[in-house]
Amino acid sequence: MTSHLLRHWRSWAVWVGTVLVVVAFTGFIALQVPGIGLDEEAHITHAEKLRQGQLASHDDKVSPELSSAIRCDRYRVWGSNLNPGYPTGARFECFTPKGLSKFDGGFAAQQAQHTPVYYLPLAFATKVVDKVTDLDPLVDTYRVAGLLFVSLSVASLLWLGARLRVAPSIAAAATLIIVGTSGFVMSNSFVTNDALAIPAGVALLLAARRVLDGRSSAWLLLAVSFAVTIAKPTFMPGHLACVFYLSQQLKPVDLRLRDLAGRPSRDALTAYGRSTLRRFAPIGAVGAGLVAGLVGFQVWVDRFVPGTKELSKYYNSRIFQADYFKGIANTLQNPLTQERPISLMDPSYGLVAMTVLEAIVLWGTVVVAFGLFRRGGRDPVRLARSAVGAIVGGALVLFLQGALRGLALSSTNTRYLLPIVPFMFGAIAMTGDQLWNRHLTRIPRVTLPLAVVLLLGVQANAIEHTSEPRLNNAWTRRQTGVLASYINEEVAAQPPSGDDDAPQQCIHKGDTVAVVPFMPALYDMAPDIEAPVDADAYWVGSLPRETRKAPFESLTDSDVDVVITSSPLHITYERTAAARVAAEWPRCARWVPFGLGLTHPPFEVYVRPTKK
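Quick caveat: nothing in here was measured; it's all calculated off a predicted structure.

With respect to the helices and strands, Thr-414 occurs in the loop between helix H16 (379-404) and helix H17 (421-439). Residue classification places Thr-414 among the buried positions, given a relative accessible area of 6%. Apart from residues no more than four positions distant in its own chain, Thr-414 is found in contact with Gln-333, Asn-334, Pro-335, Thr-337, Gln-338 and Glu-339.

What follows is the structure in C-alpha cells.
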C-alpha cells in the first residue's frame, strides 16, 4: 500500500470516526434528557403539520398530547436567572390531553412563519424513524430524525477543514470542540431549525473562497446567500462574516481616478465604474442575495402562511429592547454559548468541561484575530477577524432589523450567531495545524481529538448522573441544602430556659414541615423533621390534578406544624395555599439565603397558631 493511499484511508477513518462520535454524543443527550428545548414543541408541530400534508399556520396549537407531556413529564432544558438549576416552565399544572382539550389549553406553536427547508426533510426522516423504532412518537422520534442535520453539520465542518488543507485529526479535534459546546448541543440535540446554521455558514464561506479563487462567478454567492436567507433570515450574521472576509481580499483597482490627468472622459469614467463593479461584485452578490431572500421570505409569510400574523406584545416593549441593546453593544458574545443557564447538566465538572471548550473557540479566535502565531498565510487571521466583526456587527444588525419591523425584535440571542462558527472553526483549525507542525511534530495528531473525546465523555457522564430537576420540585439541590442547613441549625438551637430575650425557636425536633413548592429531598438532609402524610401527593406530577390539589387545599387543617415558602414560581393552587397560610398563621422567621445570591427571595417560616 502506497503512502498516499495509506493517508487517504487514515483520513477517511478519522472523518467517519468523528461523525460516529458526534452522532453518539448528541443522540445520547437527545434520548437521555427528558426536557423540552427552546420552542421545540413548536418546531415539532410544524413538522407534524407537513407530515399531515398541510402548511403550518400562525394559529396552530401544540397537540393536547404533547402539551400534556410538557406539563406533566417534561421540563425546559434551560434554567431561570433566579434559580439557574431550575428548568424554566417546569411548574405548569399537570393536565391530561382530554382535560386540555376541554378548555383549549394547548401551547401556541409560533414557528409557522419559517419555510419548509428544515421541516420537510425532518418530517420525511421522522416517518422512517417511526416505522423502524418504538420511541416516543411525540418527541424522541423527531430528535432521532434530527440527527440527520447533526451529520450534515459535522460533515460540512470536516469538508471545510479539508478545503482549508488542515490535517484530518486537527479538523476532527476542532469539530469535536464545537460539538461539546452548549450552543451546538441546544441546537442539535433538540428539534430546532438552528441546526441549519453551521451548514449555512460553511456554504457561504466555501462559496466566497471559490469566487475569490476565480473558480466561480459572483452569481454563485448570490444563489447561496439567497438560499441561506430563505432557510432562516436570522442567519444574517453569516452574511456579514462573509462580507468581512471578502472585503479583506478585494482585488486592486485597475484604474484610479487620481491617475487620470485633467478632466476624465466619459470612456475613462465608464472604465472606472466597470472596474469598481467587478471589484465589489462578490460583496454585492452577498447583499443582493440577502435582500432577495428577505423579500422572498416576507412574501412567503404574507401570501402562503395561513392564520393571523400578530406578534407577541412582549417583544414590543421598549425596555425589553433597550436591555438587549445594552447587552449586545457592550459584550463580545460567544456564538457557541447558550445565553440561558443550562439545567440539563447538574454536576459542576460537566459544565466546567463544556465551558473550557466554549472558551477555546471564542478566545482562540480572538487571539488569532490579533495576528498572534501568524507565521504562515494570512487566511486564519482573515477568518478570525471576519468572525469577531460579525459577532458584534451581526447582533447589532439583527437588533436594528427587528426594531424597523414595528419594534418586533427579531432576536439577538447567541444562537443566531451560529452561522459565524465555520469562520471561527477555520481560524483555530488552521492556526492549530500550523502550531502542531512547528512545535509538536513528535506527538501524533490523533491525541488531540482523543483528548476532546475525553471531555465529551465527562459531559456525558455528568448528564448521566444528573437527577431530574423536578425531583426537588422547582428547587436545585443547592437550594435544598441551604434550607436544610437553616432547619438543622434551628432544630439544634437550645435557648436558655427562662431567657425572655432569647430568639424564638420556630422548628423543633419531630415537627411536620411542608415547603411550598414542596421539596422531597429536604427530609433526607434534615432528618429531625417529618414529612407530611401522603407527601408524594404534593409533588408527583403524574398524579391526577385533584389528588395533587387536595393537600394544599387542606394545608391549614392538616397535621403540618410548620410551612416554609419562598419561590415566586408557584402554580395556582400552591400560590393560593401559601397566601392562605400567610394570612392565617403567624410568621416566625424570615431567613435570607445570602449564599444563593442577593436576588433570591427569603425563606418565610410560618407556624401553626396552636403550636407550642
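Turning our eyes to something else, we now look at the pattern of salt bridges. Pairing between side chains becomes possible if they bear opposite charge and their charged atoms approach one another. What the rule picks out here adds up to 17 salt bridges. For the salt bridge of Asp-379 with Arg-382, the shortest nitrogen-to-oxygen distance reads 3.6 Å. With Asp-379 and Arg-382 both in helix H16, this residue pair falls three residues apart, about one helical turn. By the burial criterion, Asp-379 is buried, and Arg-382 matches it.

Further remarks concern the nonpolar core. Generally speaking, nonpolar side chains in soluble globular proteins are found buried as a group. Membership of the largest hydrophobic core comes to 105 residues, with the highest contact counts inside it found for Ile-178, Leu-221 and Leu-344. The dominant element in this core, judged by the number of residues it contributes, is helix H10 (residues 197-212), at 10 residues. If we skip the residues at most four places from it in the chain, Leu-344 touches Val-33, Val-77, Met-186, Phe-190, Ile-463 and Thr-466. Ile-507, Leu-555, Val-560 and Phe-603 belong to the second largest nonpolar core, which has 39 residues in total.

Here the focus is unusual backbone geometry. One non-glycine residue with positive phi stands out, namely Asp-39, at about 55 degrees. Inspection of the secondary structure puts Asp-39 in the loop between helix H1 (3-32) and helix H2 (40-51). Among the residues examined, Asp-39 registers a relative accessible area of 30% and is labelled partly exposed. With a phi close to 60 degrees, Arg-165 is a non-glycine residue in the positive phi region. The exposure class assigned to Arg-165 is exposed, which follows from its relative accessible area of 75%.

Read from one edge of the open sheet, four strands run E1-E2-E4-E3, paired in mixed fashion. Of all the strands in the sheet, just strand E1 (513-516) and strand E3 (587-591) have a single pairing partner and so form its edges. Pairs of neighbouring strands in the sheet enclose a mean axial angle of 20 degrees, with direction left out of account.

Right, let's talk about helix H22 (residues 572-584) for a bit. In this model H22 runs 19 Å from its N-terminal to its C-terminal C-alpha over 13 residues, within 8% of the 18 Å that 1.5 Å per residue would give. Looking at the packing, one finds that the buried side of H22 touches E1, helix H21 (545-553), strand E2 (562-565) and strand E4 (603-607).

So, about the packing of H2 against helix H5 (residues 119-132). Remark: H2 packs on H5, axes separated minimally by 9 Å, with the N-to-C direction vectors making an angle of 80 degrees. When the interaxial angle is binned, H2 and H5 end up roughly perpendicular. The residues of H5 that touch H2, namely those facing His-43, His-46, Ala-47, Leu-50 and Arg-51, are Tyr-119, Leu-120, Leu-122, Ala-123, Thr-126, Lys-127 and Asp-130. Per-class residue counts for the contact of H2 with H5 are six nonpolar, three polar and three charged.

Cut-offs and rules
Residues numbered from 1 in each chain as written. Predicted model: local features only at pLDDT ≥ 70, side-chain atom pairs only at ≥ 80, totals over all residues. Heavy atoms only, no water. Helix = DSSP H or I, 4+ residues; strand = E, 2+ residues; numbered from the N terminus. Buried < 20%, exposed > 50% of the residue type's maximum accessible area, 1.4 Å probe, protein only. Contact = heavy atoms within 4.5 Å. Salt bridge = Lys/Arg side-chain N within 4 Å of Asp/Glu carboxyl O. Core = buried A, V, L, I, M, F, W, Y, C linked by side-chain atoms within 4.5 Å. Pairing = 2+ DSSP bridges. Axes fitted to C-alpha atoms, helices over the stretch in contact; angles between N-to-C directions. Expected span 1.5 Å × (residues − 1). Parallel < 35°, antiparallel > 145°, perpendicular 65-115°, else oblique. Nonpolar A, V, L, I, M, F, W, Y, C, P; charged D, E, K, R; others polar.

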